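# Understanding the architecture of this molecule
These are the residues of each chain, in order.
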Amino acid sequence: MSGAVHPLVGEQAKAVDPRDSVWLSASAGTGKTQVLSARVLRLLLEDGTDPSAILCLTFTKAGAAEMAVRVNEVLARWVRMGDGDLGRELSHIGAPVTPETRDRARSLFARVLDCPGGGLRIDTIHAFAQWLLGAFPGEAEILPGTRAMEDRERALLVDEVLSQLVAEADAPTHEAIRVMSIRKGPDGVRRWLMRCAEVIELWQGPTGWQPPMRERVCQQLGLASDADKAALASLCADNRFDCAALRRCLDGYEGWKATKGSDAVTVIGEWLSSPDTGRYAGLEGLNDALFYKNGNPKLPKNADPGFVAASERVGVTLAAIREQQMLVALADFLAPQLEMGRRFALLWEEAKAREGLVDFDDLIRRAASLLSDKAMADWIRYKLDRQFDHVLIDEAQDTNAAQWRIIDALTDDFFSG
């Protein structure tokens, strides 16, 4: 931009009108940040708008810096610009071209510098959360001296807590670390543990997840709470498996003189004569006898419709059992991993408290809780209402649910009713 104000056309011009609340969606490189900056300029030009009452939230520090530079460069140019050039730039963003608007435009640079902090409030969501907690430390229950950790501090503390976890771990935890390392590698273990630490509320409170977790995992997966490999064998019983369809397939294969037909007859006969546990152990062999690797049935070219339909029903039954097998295997994997993650998350919280540190997730979570706390929220929002009348969000699609809780709390009075 380099301080220049380019003409806005079409939907861009509509999006900067401060009389409307706007959600702007466009592809990368199409000028969204330019439009957002122009909307800030339009707000500043509105009679009665206090520059300190504008809050811009961005997703990255680079985005915040870019927007601040764009706006400040324009305001600095407007101070010295002649009436003709200034009027042209005001018209580019849809502002009224009047002597009053020109005078206001020339005064904005000084007015913005007089804002608390020496400029417009353009922050990342994390920086704003940190400011909010600093403004209300007692309400947020922040201990004196607590500060946001730097990246290197975070990496060192993760290593320290991970070492503590391994040193104090029992055999199941060691096995969980080993299994996750084999599946995802050492970095995968670290990412999993930090993901568990990010959702600390999942492990706390009367409804928090507590070990042993397998029963609860099964419930989440839609399984019986006691589902295991032994219980799966009951799916092969006469009253659970579509044995009528399988016997119809047996009749069809007996009339097929090819090797595939005789092999299927042998496998089906042995499978039907076995107990439930034997049937369960023989499921793979049964599937191989009836179906090719790609899932297509092994049938003669002249198979009658009843034979084909029976084969399809057996395939559906086998697929349902395979799905249950995968879910049980997933429960077997997830339960110890969640228990390991919970243990790490609690150790991580203890370590941060010990060192007097909070991370980015803490900032967002605590700020969101502070603004959502019924006992405190009205007072805090009353204080904030005296500071922010306009909130602009950059890269809104990258804003997660916890961050939106903060934004919703800041704006809900405006949208109420």
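As a reminder, the structure under discussion sits directly above these lines.
Summary of the structure given here. Counting restarts for each chain, with residues numbered from 1 along the sequence as it is written. Residues qualify for local features only when their pLDDT is at least 70, as the model is predicted, and side-chain atom pairs are given and counted only at 80 or more; totals for whole chains, interfaces and linings, by contrast, use all residues. Think of the side-chain values as coming from all heavy atoms in the structure, minus any hydrogens and water.

## What to know about the packing of helix 13 (residues 259-272) against helix 15 (residues 283-290)
Helix axes are fitted to C-alpha atoms over the stretch in contact, other axes to C-alpha atoms as well, and angles between N-to-C directions run from 0 to 180 degrees. Under the scheme used here, helices are H or I runs from DSSP no shorter than 4 residues and strands are E runs no shorter than 2 residues, and both carry numbers assigned from the N terminus. In contact at an axis separation of 9 Å, helix 13 and helix 15 are set at 150 degrees when each is read in the N-to-C sense. With respect to helix 15, the element helix 13 is oriented roughly antiparallel. Crossing geometry of helix 13 relative to helix 15 is assigned as left-handed. Where helix 13 abuts helix 15, its residues A264, V267, I268 and W271 lie against L283, G285, L286, A289 and L290. Following the grouping adopted for this structure description, the nonpolar residues are Ala, Val, Leu, Ile, Met, Phe, Trp, Tyr, Cys and Pro, the charged ones are Asp, Glu, Lys and Arg, and the polar ones are all others, Gly among them. Along the lines of polarity and charge, the residues of the contact of helix 13 with helix 15 split into eight nonpolar, one polar and no charged. Here the angle decides the label: under 35 degrees means roughly parallel, over 145 means roughly antiparallel, 65 to 115 means roughly perpendicular, and every other value means oblique. Note on convention: the crossing is left-handed when the near helix lies turned anticlockwise from the far helix by less than a right angle, right-handed when the turn is clockwise. Two residues qualify as a contact provided that any one of their heavy atoms is within 4.5 Å of a heavy atom in the partner residue.

## Description of helix 9 (residues 171-198)
Given a rise of 1.5 Å per residue, 28 residues ought to cover 40 Å, yet the end C-alpha atoms of helix 9 are separated by just 25 Å, more than 12% below that figure. To get the bend at any residue, fit one axis to the seven residues that end at it and another to the seven that begin at it, then take the angle between the two axes. Along helix 9, the helix axis deviates most sharply at K184, where the bend reaches about 120 degrees; the proline P186 sits within four residues downstream. Next to the buried residues of helix 9 lie helix 8 (151-168) and helix 16 (305-355). To estimate how far a helix should reach, multiply one less than its number of residues by 1.5 Å.

## Thoughts on the packing of helix 9 against helix 16
Interhelical geometry of helix 9 versus helix 16 gives an angle of 45 degrees and a closest axis separation of 10 Å. Considering the angle they form, helix 9 stands oblique to helix 16. Crossing of helix 9 against helix 16: the hand is right-handed. For the pair formed by helix 9 and helix 16, the contact residues are T173, A176, I177, V179, M180, R183, W192, L193, M194, C196 and A197 on the first element and F333, P336, Q337, L338, M340, G341, F344, A345 and W348 on the second. Partitioned by chemical class, the residues of the contact of helix 9 with helix 16 number 16 nonpolar, three polar and one charged.

## A short note on the pattern of salt bridges
Oppositely charged side chains can pair when the atoms bearing their charge come close. Salt bridges are counted wherever a side-chain nitrogen of Lys or Arg sits within 4 Å of a carboxyl oxygen of Asp or Glu. In the structure shown here, the tally under the stated rule is 23 salt bridges. A salt bridge links E89 to R77; the nearest nitrogen and oxygen atoms lie 3.0 Å apart. You can see E89 sitting in helix 4 (residues 83-92) and its partner R77 sitting in helix 3 (residues 61-80), a full twelve residues away along the chain. Judged by relative accessible area, which is 9%, E89 ranks as buried. A salt bridge links R279 to D238, with the shortest nitrogen-to-oxygen separation between them at 2.8 Å. Of this pair, R279 sits in helix 14 (residues 276-281) while D238 sits in the loop between helix 11 (229-232) and helix 12 (243-254), and the two are 41 residues apart along the sequence. Partly exposed residues are those whose accessible area sits between 20% and 50% of the maximum for their type, while under 20% is buried and over 50% is exposed, using a 1.4 Å probe and protein chains only.

## Structural notes on the packing of aromatic side chains
Each Phe, Tyr or Trp ring (for Trp, its six-membered ring) is paired with any other whose centre lies within 6.5 Å, and the angle between the two planes then decides the class: stacked below 30 degrees, edge-to-face above 60, tilted in between. Summed over the entire model, instances satisfying the criterion amount to six aromatic pairs. Centre to centre, the rings of F241 and W271 are 4.7 Å apart; their planes meet at 50 degrees, and the pair counts as tilted. Of this pair, F241 sits in the loop between helix 11 and helix 12 while W271 sits in helix 13; the two residues are 30 residues apart in sequence, bridging distant segments of the chain. By relative accessible area, F241 is classed as buried at 4%. Plain terms: the ring middles of F344 and W348 are 6.3 Å apart, the flat faces sit at 10 degrees to each other, and that makes the pair stacked. Here F344 pairs with W348, and both are found in helix 16, just four residues apart, close to one helical turn. Taken together, the aromatic side chains of Y253, W256 and F307 make up a single cluster linked through ring pairs. Above the plane of the ring of W131 lies R121, whose end atom (NZ or CZ) is 4.4 Å from the centre. For a ring to carry a charge above it, either NZ of a lysine or CZ of an arginine must fall within 6 Å of the ring centroid while also lying within 35 degrees of the normal to the ring plane. Positioned above the aromatic ring of F333 is the side chain of R183, whose terminal nitrogen or guanidinium carbon lies 3.9 Å from the ring centre.

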